[in-house]
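A look at the structure
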Amino acid sequence: MNEDVLARAEAAYLGLALGDALGATVEFMTPREIAHRFAHADGVHRELVGGGWLRLKPGQVTDDTGMALALGEAILIHGGEITRLACARAFDAWMRSKPVDIGNTVRRNLVLFRRTGYPTAPPSAQDAGNGAAMRVLPVALATLAWSEHEVRDACRIQAHVTHNNAVSDAACEFIALAVQDFIRGASLREVHRLRMQPLVEAQPAFAFRGKPRRENPSGWIVETMQAVLQGLVEVGGFENCLVDVVNRGGDADTTGAIAGMLAGAMYGRAALPARWLKALDPEVHRRCAEQARRLVANSP
Ligand code: MN
Ligand code: MN
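Residues numbered from 1 in each chain as written. Chains lettered and ligands numbered in written order. Predicted model: local features only at pLDDT ≥ 70, side-chain atom pairs only at ≥ 80, totals over all residues. Heavy atoms only, no water.

**Considering the coordination of the manganese ion (ligand 1)**
Rules: A 2.8 Å cut-off from the metal defines N, O and S donors, relaxed to 3.2 Å for Na, K and Ca; water is not in the atom list, so some sites may appear incomplete. Segments assigned H or I by DSSP are reported as helices when at least four residues long, segments assigned E as strands when at least two residues long, and all are numbered from the N terminus. For every residue, the accessible area (1.4 Å probe, protein chains only) is compared with the maximum for its type, and the residue is labelled buried under 20%, exposed over 50%, or partly exposed between those bounds.
The protein atoms that coordinate the manganese ion (ligand 1) are Thr 62 (OG1), Asp 63 (OD), Asp 64 (OD), Asp 101 (OD) and Asp 253 (OD), at distances of 2.0 to 2.7 Å. When the donors of the manganese ion (ligand 1) are listed by position in the chain, the intervening gaps give T-D-D-x36-D-x151-D. Between the manganese ion (ligand 1) and the manganese ion (ligand 2) the interatomic distance amounts to 3.6 Å, and Asp 253 serves as a bridging ligand to the pair. In this pair, Asp 64 is assigned in helix H3 (residues 63-77) and Asp 101 in the loop between helix H4 (84-96) and helix H5 (104-116), connecting sequence segments 37 residues apart. Assessed through its relative accessible area of 0%, Asp 64 is described here as buried.

**Notes on the packing of helix H9 (residues 188-202) against helix H10 (residues 221-234)**
When two helices pack together, their arrangement is captured by the angle between the axes and the distance separating the axes. Selection rule: Interaxial angles span 0 to 180 degrees and are taken between N-to-C directions of axes, which are lines fitted to C-alpha atoms, for helices over the stretch in contact. For classification purposes, angles smaller than 35 degrees are called roughly parallel, those larger than 145 roughly antiparallel, those between 65 and 115 roughly perpendicular, and all remaining angles oblique. A crossing counts as left-handed when the near helix is turned anticlockwise from the far one by less than a right angle, and as right-handed when that turn is clockwise. Contacts are assigned to residue pairs that have any heavy atoms within 4.5 Å of one another. Residue classes follow a fixed rule: Ala, Val, Leu, Ile, Met, Phe, Trp, Tyr, Cys and Pro count as nonpolar, while Asp, Glu, Lys and Arg count as charged, and any other residue, Gly among them, counts as polar.
Where H9 contacts H10, the axes come no closer than 12 Å and their chain directions differ by 155 degrees. Compared by their axis directions, H9 and H10 come out roughly antiparallel. In this structure, H9 crosses over H10, and the sense of that crossing is left-handed. Contacts from Leu 188, His 192, Met 196 and Leu 199 of H9 reach H10 at Leu 229, Leu 232 and Val 233. Looking at side-chain class alone, the contact of H9 with H10 contains six nonpolar, one polar and no charged residues.

**Description of the coordination of the manganese ion (ligand 2)**
Coordination of the manganese ion (ligand 2) by the protein involves Glu 27 (OE), Asp 251 (OD), Asp 253 (OD) and Thr 254 (OG1), with metal-donor separations of 2.0 to 2.5 Å. Spacing between the donor residues of the manganese ion (ligand 2) along the chain follows E-x223-D-x1-D-T. On the accessibility criterion, Thr 254 (3% relative accessible area) is buried.

**With respect to unusual backbone geometry**
Of note, Asp 42 is a non-glycine position whose phi angle comes to about 60 degrees, a positive value. Tracing the chain through its elements places Asp 42 in the loop between helix H2 (31-37) and H3. Not every positive phi belongs to a glycine, and Lys 98 is a case in point at roughly 60 degrees. In this structure Lys 98 comes out as exposed when scored by relative accessible area, which is 73%.

**Examining the environment of Gln 180**
Secondary-structure assignment places Gln 180 in helix H8 (residues 166-183). Overall, the relative accessible area of 2% leaves Gln 180 in the buried class. Put simply, Gln 180 and Pro 212 are 32 residues apart on the chain and 29 Å apart in space, counted from C-alpha to C-alpha. Once you skip the residues sitting within four places of it in the chain, Gln 180 turns out to touch Ala 140, Thr 143, Leu 144 and Val 151.

**Examining the state of the cysteines**
The test is simple: Counting rule for disulfides: a pair of cysteine sulfur atoms within 2.5 Å.
As enumerated under the stated definition, the model contains zero disulfides in all. Among the cysteines around Cys 241, which has no disulfide bond, Cys 288 carries the closest sulfur, lying 18 Å off.

**Considering H3**
Basically, it comes down to this: Expected helix span is taken as 1.5 Å per residue step, with the number of steps being one fewer than the number of residues.
When the terminal C-alpha atoms of H3 are compared, their 21 Å separation across 15 residues agrees well with the 21 Å that a helix rising 1.5 Å per residue should span. A large share of H3 lies buried, amounting to 13 of its 15 residues.

**Focus: the pattern of salt bridges**
The criterion, for reference: A side-chain nitrogen of Lys or Arg and a carboxyl oxygen of Asp or Glu constitute a salt bridge if their distance falls within 4 Å.
For the coordinates displayed, the defined rule picks out 25 salt bridges. Arg 293 is the partner of Glu 3 in a salt bridge, and the nearest nitrogen-oxygen pair spans 3.1 Å. On the criterion of sequence distance, the pair formed by Glu 3 in helix H1 (residues 3-24) and Arg 293 in helix H14 (residues 282-298) is long-range, its members being 290 residues apart. Between Arg 248 and Asp 244 there is a salt bridge, and its shortest N-O distance comes to 3.0 Å. On the accessibility criterion, Arg 248 (0% relative accessible area) is buried. What makes Asp 244 buried here is its relative accessible area of 15%.

**Side note on the side chain of His 163**
Keep this limit in mind: Within 3.5 Å is the distance limit for a polar contact, defined as a pair of N or O atoms, with the added protein rule that one can donate a hydrogen and the other accept it, and that residues adjacent in sequence qualify only through two side-chain atoms.
Here His 163 shows up in the loop between helix H7 (148-159) and H8. For His 163, a relative accessible area of 2% corresponds to the buried category. For His 163, the side chain forms a polar contact with the side chain of Thr 162, separated by 2.8 Å. Setting aside chain neighbours within four positions, we find His 163 in contact with Thr 105, Val 106, Asp 127, Gly 129, Gly 131, Ala 132, Ser 168 and Asp 169.

**Some thoughts on the packing of aromatic side chains**
Keep this limit in mind: What counts as a ring pair is set by centres within 6.5 Å for rings of Phe, Tyr and Trp (its six-membered ring), and what kind of pair is set by the plane angle: stacked under 30 degrees, edge-to-face over 60, tilted for all other angles.
Here the structure, examined in full by the defined rule, presents two aromatic pairs. Geometrically, the ring pair formed by Phe 28 and Trp 53 is tilted, given 5.5 Å between the ring centres and 45 degrees between the ring planes. Separated by 25 residues along the polypeptide, Phe 28 in the loop between H1 and H2 and Trp 53 in the loop between H2 and H3 bring together distant segments of the chain. In this structure Trp 53 comes out as partly exposed when scored by relative accessible area, which is 48%. Considering the side-chain rings of Phe 238 and Trp 276, the 6.3 Å spacing of their centres and the 65 degrees angle between planes classify their relative orientation as edge-to-face. On the criterion of sequence distance, the pair formed by Phe 238 in helix H11 (residues 238-246) and Trp 276 in helix H13 (residues 274-279) is long-range, its members being 38 residues apart.

Have a look at this one:
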């Protein structure tokens, strides 16, 4: 296995955790509140200091990273196979572990799974939250060698456990395919043409270029992706991209997590700030790096 591919996979996974930990500090705050709170730092939040409404320790992550790690573990235990039941059981076990936070759609449909044993959520136009997209990374890594059609199917298998929604699907599939392109060395220009343009053509709600700066992005996947894609396209460098995205406030841990996977894969392992990696929860750091390499190496 090519070391550059493995290192970019690792950067994507660490990027997810770093974006989650950075963004969680300012989750549900407005850009004005963030500027006021970080007035001592020129009004910009750019360190892993913890806190936020969840009162986190510095470098602590939330459900975004927690669910991704649970999903990755399940994929590895099943030898790279991705099944609805294995995903549902892994998420259910994660929910029992008393995580610091959990999304409403995730909770509702996992409670339904406990009751029925049926691992697919009912289709719902309302369930277009970002909860399936935030945890899709292990599927992208485990299916690196699969065809595009198979990657899209695998994305929907993991997503539909809690989010059975076409708009969520479009974002999950976009994220997985774009992360894979970046891991293989594609440029931002290529990913823009190959993935971002088709996403907006298929689902015009995702349009982000030439639109006003998306601030206070909600948990609706459309607003989440607008903030992520504007940051990714308009701001150069891993650190500056994540800082731009989370300082928009709103669902900042999740925009940070998704921007982190994409920017990590794009800019590579050497672009991750050393001081952020040092501040990240050491156990999370270890698990993300290990899973990334194992998921890619095992991809049949
Ligand atoms: Mn979270
Ligand atoms: Mn969130």
